[in-house]
Amino acid sequence: MAGARGGAAPADGQAEGGTGMTDSETGGPGGSGQVKAGPGPAPKPSGKAKPPAADLAREPGALEAIEDLVTGSEGDAPQQFAAPAAAPAHGPRRINLALQGGGAHGAFTWGVLDRLLEDPDIEIAAISGCSAGALNAAALKSGWVAGGREGARDQLDWLWGQMGAIPDLSFAHWLMAFLPGPALTARMIETVVPFSMIDAVTSAVSPYDLPFWDNPLRRVAERFAYDRIKAEEGPQIFISATNVRSGKIRVFDNAEIGTDVILASACLPEVFRAVEIDDPATGRREAYWDGGYAGNPALFPLFAPELPDDIVIVSINPLMREALPRTAAEISNRVNEISFNSSLLRELRAIAFVKRLLARGHLSPGSMKDVRVHMIADDALMGSLSVATKLVPTPTLLAQLRQAGRAAAEAFTDRGGRGKIGVDCSVDLAALIA
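Quick notes on the rules
Residues numbered from 1 in each chain as written. Predicted model: local features only at pLDDT ≥ 70, side-chain atom pairs only at ≥ 80, totals over all residues. Heavy atoms only, no water. Axes fitted to C-alpha atoms, helices over the stretch in contact; angles between N-to-C directions. Helix = DSSP H or I, 4+ residues; strand = E, 2+ residues; numbered from the N terminus. Parallel < 35°, antiparallel > 145°, perpendicular 65-115°, else oblique. Left-handed = near helix turned anticlockwise from the far one by under 90°. Contact = heavy atoms within 4.5 Å. Nonpolar A, V, L, I, M, F, W, Y, C, P; charged D, E, K, R; others polar. Phe/Tyr/Trp six-rings, centres within 6.5 Å; stacked < 30°, edge-to-face > 60°. Lys NZ or Arg CZ within 6 Å of the ring centre and 35° of its normal. Buried < 20%, exposed > 50% of the residue type's maximum accessible area, 1.4 Å probe, protein only. Salt bridge = Lys/Arg side-chain N within 4 Å of Asp/Glu carboxyl O.

**Student:** Please explain the packing of helix α2 (residues 106–117) against helix α3 (residues 132–164) as it appears in this structure.
**Tutor:** Helix packing for two helices is described by the angle between their axes and how far apart those axes are. Their axes nearest at 9 Å, the elements α2 and α3 cross at an angle of 20°. One way to sum up the angle between α2 and α3 is to call them roughly parallel. Regarding α2 and α3, the two cross each other, and that crossing is right-handed. Listed contacts from α3 to Gly106, Ala107, Thr109, Trp110, Leu113, Asp114, Leu116 and Leu117 of α2 are Ala132, Asn136, Leu140, Trp144, Arg149, Ala152, Arg153, Leu156, Asp157 and Trp160. Looking at the contact of α2 with α3, its residues break down into eleven nonpolar, three polar and four charged.

Pasting the structure below:
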């Protein structure tokens, strides 16, 4: 499978065709280059082991205890945030990544990660992701352990090559010069018969009604090198899923991640059957749906004291849409966007609340995490797309989204966002949550 630089092979070193796609799945590659072998078996992790992280999946700490006070505590007072302590000027800029889910639109995140991995001055300490973000996180970690930054980029190329089912991205890039942009591509996809059929079936038929049902994403998820993903070397990984019975989020860390965790995090209930995983906390086998319902993505795992204070959110679900949704598909898509963004906004309000408490002296410095928030997004582009482009990946669109993600990461640097890592928030947090 050729990727942007020749795409990495998975653990077994083989390439396969594409898979079906839903809002929780992803799409195909971009770039060109000579085909080269993918990462081999993971080297034995070396270096000093990270200190064991707290059980953040179930104990997010003091911040969770005050989240219920956030919306009632903002009032009309000016937004006063504490000035975070600046990180040392020397050494790499350490960040945590928060990767949203959004189906094939996760190809935008692929592009962002590809650009960030090119920067030797940025060190990724931890990643929290769900759905498409979980797939991107798993691919990055697996590739990183096998071959560092280039290994991570190759593994991401392999993942999206599997999703898009095209053997060489150079052809897709060549076509991009002659094909319409993402917005018009979305309209074209909406009109084709296969998408109309998928939309009609998922609206009327439960996945439990299909006798020969199978999750098409399993073929890809099973081929991740989980020994690499579980390794202490490289970024810590947190993947979230939603407990169907309780409606609560469950966050899986490196040691717990396997095929079923990836599938659970990317399980849209209209399309996929719930994924069942044993839960030691309840002593029973629990069913899980897409993690985006309870955290898209979850930020609280990144509040661990050993992790850096900077969180870079890669947003692929537009917070704002000017046009009123009118068709059934548009209404459903916007409902999903609002639902998937609500958990993120709730955590951002909690971060802002803590910052106000620190600024007003109600909390002593160091008593709570003083998080610096950054965001890489292209809401104008994502707002021009639709549910069709989430569900039906096309190689050309995925290549366009990858390029758009790279451009957004470049713009983040050009606008001074990179320079604020370790110093201050690069987003107007008060305006974001207003």
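**Student:** Is there a simple way to think about the packing of aromatic side chains in this case?
**Tutor:** Here a ring pair, both rings aromatic, is described through the centre-centre distance and the interplanar angle of the planes. The tally for this structure, following the rule as stated, stands at five aromatic pairs. With 6.1 Å between their ring centres and 75° between their planes, Trp158 and Phe224 make a pair best called edge-to-face. On the criterion of sequence distance, the pair formed by Trp158 in helix α3 and Phe224 in the loop between α7 (218–221) and α8 (226–229) is long-range, its members being 66 residues apart. Members of the aromatic cluster, joined through ring pairs, are Trp158, Phe224 and Tyr226. If you follow Arg402 out to its NZ or CZ, it ends over the ring of Trp110, 5.2 Å from the centre.

**Student:** What should I look at first to understand the environment of Ala380 in this one?
**Tutor:** With respect to the element layout, Ala380 can be found in helix α11 (residues 379–384). Residue Ala380 is classed as exposed on the basis of its relative accessible area, which comes to 66%. Spatially, the C-alpha atoms of Ala380 and Met320 are 9.2 Å apart, while their sequence positions differ by 60 residues.

**Student:** Even after reading the chapter, I still don't get the pattern of salt bridges, so can you show me in this structure?
**Tutor:** Here the idea is simple: oppositely charged side chains can pair when their charged atoms come close. Inspection of the entire model under this criterion finds 25 salt bridges. Among the ionic pairs, Arg153 bridges to Asp114, the shortest N-O distance being 2.9 Å. Linking Arg153 in helix α3 with Asp114 in helix α2, this pair joins segments that are 39 residues apart in sequence. We note that Arg153, like Asp114, is buried. Across the salt bridge formed by Glu118 and Arg153, the nearest N and O atoms sit 3.0 Å from each other. Within this pair, whereas Glu118 is found in the loop between α2 and β2 (122–129), its partner Arg153 is found in helix α3, the two being separated by 35 residues in sequence. Through salt bridges with shared partners, a single network forms among Asp114, Arg115, Glu118, Glu150, Arg153, Arg402, Arg406 and Glu410.

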